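The chain contents come next:
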Amino acid sequence: QPADPPGEIIVQPATRDVTPPGVMPAPAGEGPLIREPPLPRPPAAPRWRRYALPATLDAATFRVRSVTIRIAGVTPPSATETCRLADDAAWPCGASALLAFRRFLHGRSVECFFPYEEGVTDVTAPCRIGRIDLGQWLLAAGWARPSDLATDAYRQASVDARCARLGIWRGATPPEFCAAKN
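Remember, predicted model here, so these are calculated numbers, not experimental data.

Q: Can you walk me through the overall build of the protein in this structure?
A: Across its full length, the protein holds four helices and 14 strands. Buried residues in the protein amount to 31% of all 182 residues. Pairs at least 24 apart in sequence give 55% of the contacts found in the protein among residues at least 6 apart. Total accessible area computed for the protein in this model is approximately 12300 Å², and 57% of it derives from carbon and sulfur atoms.

What follows is the structure, encoded as structure tokens:
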């Protein structure tokens, strides 16, 4: 007898008709039945996941256990980045952004929306505290820049913060388009 193909189980056809009364019997097959392996489980649906006391790495990134979560739509300054004031003096804007983010979190739980996938250690997701969108807050306060995937609302919040010279934009000369807005 030939060996079974890898991953398949050969089942001999039934020797008796087990069709219930009132149901047309299935046609008789010629040869053995092949039992298919079970289908893989569908991925978990995305949902809000809550994290208490996440360790912040920069103004838009935190770590919970072995997972690093980045807030979607924003690009934070690195914790060591320096920015220039109008008089060309340097100031630690990255450290200031991290401190402002930590103060805003103030021990509150953070919720992020994504599907859980076993073994994934790096996630980019929208996050919130209560009803406050953290990406929107970071951009409106001037502590981050919009990423390439930012929404129009995120981009507008960043423009408003830059024109108001908030956060990392403090002391910097606002762009020319800001004068037309005022």
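The rest of the description comes next.
Q: How should I be thinking about the layout of surface pockets in this particular structure?
A: To find the voids left in a structure, one rolls a probe of water-molecule size over its atoms. Here the second largest pocket is characterised by a volume of approximately 230 Å³. In terms of lining residues, the second largest pocket is bounded by 15 residues, among which Tyr51, Arg65, Val67, Tyr116 and Val120 are the most central. Partitioning the lining of the second largest pocket into residue classes produces eight nonpolar, three polar and four charged.

Q: How do you make sense of the sheet that holds strand β6 (residues 67–71) when you look at a structure like this?
A: Whenever strands of a sheet pair, they do so through backbone hydrogen bonds, lying parallel or antiparallel. Spatially, β4-β5-β6-β11 is the arrangement adopted by the four strands of the open sheet, whose pairing is mixed. The open sheet terminates on both sides in strands that have one partner only, identified here as β4 (55–58) and β11 (122–125). For this sheet, the mean angle separating the axes of adjacent strands, direction not counted, is 30°. Sheet analysis places β4 next to strand β5 (residues 61–64), joined by three bridges and oriented antiparallel. Paired with Asp58 across the strands is Thr61, a residue of β5. Against the sheet, helix α1 (residues 93–105) engages β4 and β6, with an angle of about 155° to β4.

Q: Would you take a moment to explain the side chain of Thr56 for this structure?
A: In this fold, Thr56 is placed in strand β4. On the basis of relative accessible area, Thr56 is assigned to the buried category, the value being 10%. Among the polar contacts made by the side chain of Thr56, one reaches the side chain of Arg102 at a distance of 2.5 Å. The residues contacting Thr56, other than those within four sequence positions of it, are Thr61, Phe62, Leu98, Phe101, Arg102 and Leu105.

Q: In this structure, what is going on with the state of the cysteines? I would like to understand it.
A: Covalently bonding the sulfur atom of one cysteine to the sulfur atom of another cysteine gives a disulfide. Applying the stated criterion across every chain, the model contains three disulfides. Residue pairing for Cys112: its cysteine sulfur links by disulfide to Cys127, the two sulfurs lying 2.1 Å apart. Measuring the twist about the S-S bond at about 105°, one finds the Cys112-Cys127 disulfide to be right-handed. Taken as a pair, Cys112 in strand β10 (residues 110–114) and Cys127 in strand β12 (residues 127–129) lie far apart in primary sequence, 15 residues in all. The disulfide partner of Cys163 is Cys178, and the gap between their sulfur atoms is 1.9 Å. Where Cys163 bonds to Cys178 through sulfur, the torsion about that S-S bond is close to -80°, and the disulfide is left-handed. In this pair, Cys163 sits in helix α3 (residues 152–163) while Cys178 sits in helix α4 (residues 176–181), placing the two residues 15 residues apart along the sequence. For Cys163, a relative accessible area of 15% gives the class buried. For Cys178, a relative accessible area of 4% corresponds to the buried category. Numbered by position along the chain, the disulfide-linked cysteines of the protein connect as 1-2, 3-4, 5-6.

Quick notes on the rules
Residues numbered from 1 in each chain as written. Predicted model: local features only at pLDDT ≥ 70, side-chain atom pairs only at ≥ 80, totals over all residues. Heavy atoms only, no water. Helix = DSSP H or I, 4+ residues; strand = E, 2+ residues; numbered from the N terminus. Buried < 20%, exposed > 50% of the residue type's maximum accessible area, 1.4 Å probe, protein only. Contact = heavy atoms within 4.5 Å. Areas by Shrake-Rupley, 256 points an atom, 1.4 Å probe, with all protein chains shown as cover. 1 Å grid on protein atoms, 1.4 Å probe; cavity = no way out; pocket = protein on both sides within 12 Å on 5 of 7 lines; lining within 4 Å. Points joined across faces, edges and corners; volume = space filled by probe spheres on them. Nonpolar A, V, L, I, M, F, W, Y, C, P; charged D, E, K, R; others polar. Pairing = 2+ DSSP bridges. Axes fitted to C-alpha atoms, helices over the stretch in contact; angles between N-to-C directions. Polar contact = N/O pair within 3.5 Å; in protein donor to acceptor, adjacent residues only side chain to side chain. Disulfide = S-S within 2.5 Å.

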